[in-house]
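Structure at a glance
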Amino acid sequence: MANIKQLKHLEHLEDEMLNYGVDGCMAAVSFLKELRKMLGHQESAGFMQTKWDGAPSVVCGVDPLSGLFFVGTKSVFNKTEPKTCFTEEAIDGYYSGDLAEKLKFSLRYFSKLGIKGVIQGDLLFTDSTRNRETVNGEQLYTFRPNTITYGIPTDHDIGKQVGRSKIGVVFHTHYVGTELAEMQARAGAPIREFNKIPEVAVIDNDTPMNRVGFSKGEMQKFNNYIAKIERMCQICGDFLDELVGATGTTGDAKFHIASYLKQFFNNEIKNARSIGNIDESLYDLANFYHEKMSKELAKIKTPANLVKKRNLVYASENYLVDNVYKFKAMLTLYKELQAVKQMVIDKLDHLEEFRTFVQTEKGYKVTTPEGYVLHKDGSMIKFVNRLEFAYNNFTLQKQWR
């Protein structure tokens, strides 16, 4: 599950059961078991990275066909008209404004790093977007590539590197393959093999899992979560598969409640609500679906089609009533996955050297890092505090950026 060919989108741990049913749920359990090895400092094939809220996402390296250095966005992987930029003139042909300028900086300076393959990263700053300011009594270099403002003390080794650089980036992915359109994403980038040049601050995003300390009691709690979730996956499995089978964006599926589960969970985050009381969450789900369907039905012009679609909505509302206990079990499982994920995030957040803030009308507000990405057997999954970061992303960015 969540096997990424080209890094365009990552899924949340708890959403895999909505994407793939019981297989997705068991994949989440498999990720958690691998994470248990890492937290227990056992030998593991897993790999954890800190997720950075950078922008834009830059793909760069040596084109395997021409042997020339290029930069671009994720559109370099397009099968038709890949936007692969070997020169600043090519960047101007595809892009404009701030994005074009950032890609020109990337081409100018990343080409000096001695990159041998194709890698991807998040741009953090250029010298015009990096500031020096005092925050909570600390002298920091700050930059805000997207929603989160990052700060690093000016006297820190990384801070000194940031202060003298022209551009900052975190590279997190490398690609294997013989042509761009077919390349496969792999975790990590060989940043220690790059040339060290003062113009580029390459920030390491490896999460130091060896510094995570779980007490005996915390490890037992984590194990209990895994056992409970695995058991619930088996209990809910058939229903999860049923929901996935009913999900869609066209035809009859567009009117089934299963198609609105992920939208519902995102809407709860936008409204700063977590799943607490299951009965209340079920009530909220029913109301959310009703409001969505009211808008859809209002678009229909012909009486015959309106009757047909109303019958679909009526059948879906009855489906919720007839399967109320299964829906409650699904919501409980979703809640448990969020809880065990947050238990890990709370430990990892204390490891970061960068300060993280969001901008409000009253100034900076301390927040947590965006999150983390767990890699296992070529697959990747997100560990993000959605109630904090995603809420900020939905609201503060639009208000204050």
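Up top you'll find the structure we're talking about.
Residues numbered from 1 in each chain as written. Predicted model: local features only at pLDDT ≥ 70, side-chain atom pairs only at ≥ 80, totals over all residues. Heavy atoms only, no water.

1. A look at the environment of Pro-56
Relative to the helices and strands, Pro-56 is located in the loop between β1 (47–51) and β2 (57–62). Take Pro-56: its relative accessible area is 15%, and that puts it in the buried class. Placed 90 residues apart in sequence, Pro-56 and Asn-146 show a C-alpha to C-alpha distance of 8.6 Å. Excluding residues that lie within four positions of it along the chain, Pro-56 makes contacts with Leu-99, Lys-102, Gly-121, Asp-122 and Leu-123. (Helix = DSSP H or I, 4+ residues; strand = E, 2+ residues; numbered from the N terminus. Buried < 20%, exposed > 50% of the residue type's maximum accessible area, 1.4 Å probe, protein only. Contact = heavy atoms within 4.5 Å.)

2. Regarding the state of the cysteines
A full pass over the atoms with the stated rule returns one disulfide. In this model Cys-25 forms its disulfide with Cys-233; the gap between the sulfur atoms is 1.8 Å. A torsion of -70° about the S-S bond marks the disulfide between Cys-25 and Cys-233 as left-handed. Highlighted residues: Cys-25 in helix α2 (residues 22–39) and Cys-233 in helix α6 (residues 216–246), separated in sequence by 208 residues. In this pair, the class of Cys-25 matches that of Cys-233, namely buried. Unpaired in terms of disulfides, Cys-60 finds its nearest cysteine sulfur in Cys-85, a separation of 12 Å. (Disulfide = S-S within 2.5 Å.)

3. Regarding the packing of α2 against helix α10 (residues 324–348)
Close contact between α2 and α10 brings their axes to 12 Å; oriented N to C, the two are set at 20°. On the basis of the axis angle, α2 is roughly parallel to α10. In this structure, the crossing between α2 and α10 has a hand that is left-handed. Contacts from Cys-25, Ala-28, Leu-32, Leu-35 and Leu-39 in α2 reach Leu-333, Leu-337, Val-340 and Val-344 in α10. The residue makeup of the contact of α2 with α10, split by class, is nine nonpolar, no polar and no charged. (Axes fitted to C-alpha atoms, helices over the stretch in contact; angles between N-to-C directions. Parallel < 35°, antiparallel > 145°, perpendicular 65-115°, else oblique. Left-handed = near helix turned anticlockwise from the far one by under 90°. Nonpolar A, V, L, I, M, F, W, Y, C, P; charged D, E, K, R; others polar.)

4. What about a negative patch on the surface?
A surface patch of like charges, here negative, comprises Asp-23, Asp-238, Asp-241 and Glu-242. Examined against the element boundaries, Glu-242 turns out to sit in helix α6. (Patch = residues over 30% accessible without salt bridge, like charges linked within 9 Å, V, L, I, M, F, W, Y side chains within 5 Å. Areas by Shrake-Rupley, 256 points an atom, 1.4 Å probe, with all protein chains shown as cover. Salt bridge = Lys/Arg side-chain N within 4 Å of Asp/Glu carboxyl O. Lys, Arg positive; Asp, Glu negative; His and termini not counted. Charge placed at Lys NZ, Arg CZ, Asp CG, Glu CD.)

5. Observations concerning the sheet that holds strand β7 (residues 149–153)
Taken together, five strands build an open sheet; the order of strands is β5-β6-β7-β11-β12 and the sheet is antiparallel. At either end of the open sheet lies a strand with only one pairing partner, and these are β5 (131–135) and β12 (363–366). Between one strand axis and the next, the sheet turns by 45° as a mean value, whatever way the strands run. (Pairing = 2+ DSSP bridges.)

6. A word on the environment of Val-366
Among the structural elements, Val-366 can be located in strand β12. Residues Val-366 and Thr-356, spaced ten residues apart in sequence, show a C-alpha to C-alpha distance of 6.1 Å. Once you skip the residues sitting within four places of it in the chain, Val-366 turns out to touch Asn-136, Thr-356, Phe-357 and Glu-388.

7. Structural notes on the nonpolar core
Counting 63 residues, the largest nonpolar core has Leu-35, Phe-222, Phe-327 and Met-330 as the members making the most contacts within it. When residues in this core are grouped by element, the largest group, twelve residues, is from α6. Ignoring any residue separated from it by four or fewer positions in sequence, one finds Phe-222 in contact with Leu-32, Leu-35, Arg-36, Leu-39, Phe-214, Val-340, Met-343 and Val-344. Judged by nonpolar contacts, the second largest core, of 26 residues, contains Leu-123, Ile-167, Ala-189 and Ile-197. (Core = buried A, V, L, I, M, F, W, Y, C linked by side-chain atoms within 4.5 Å.)

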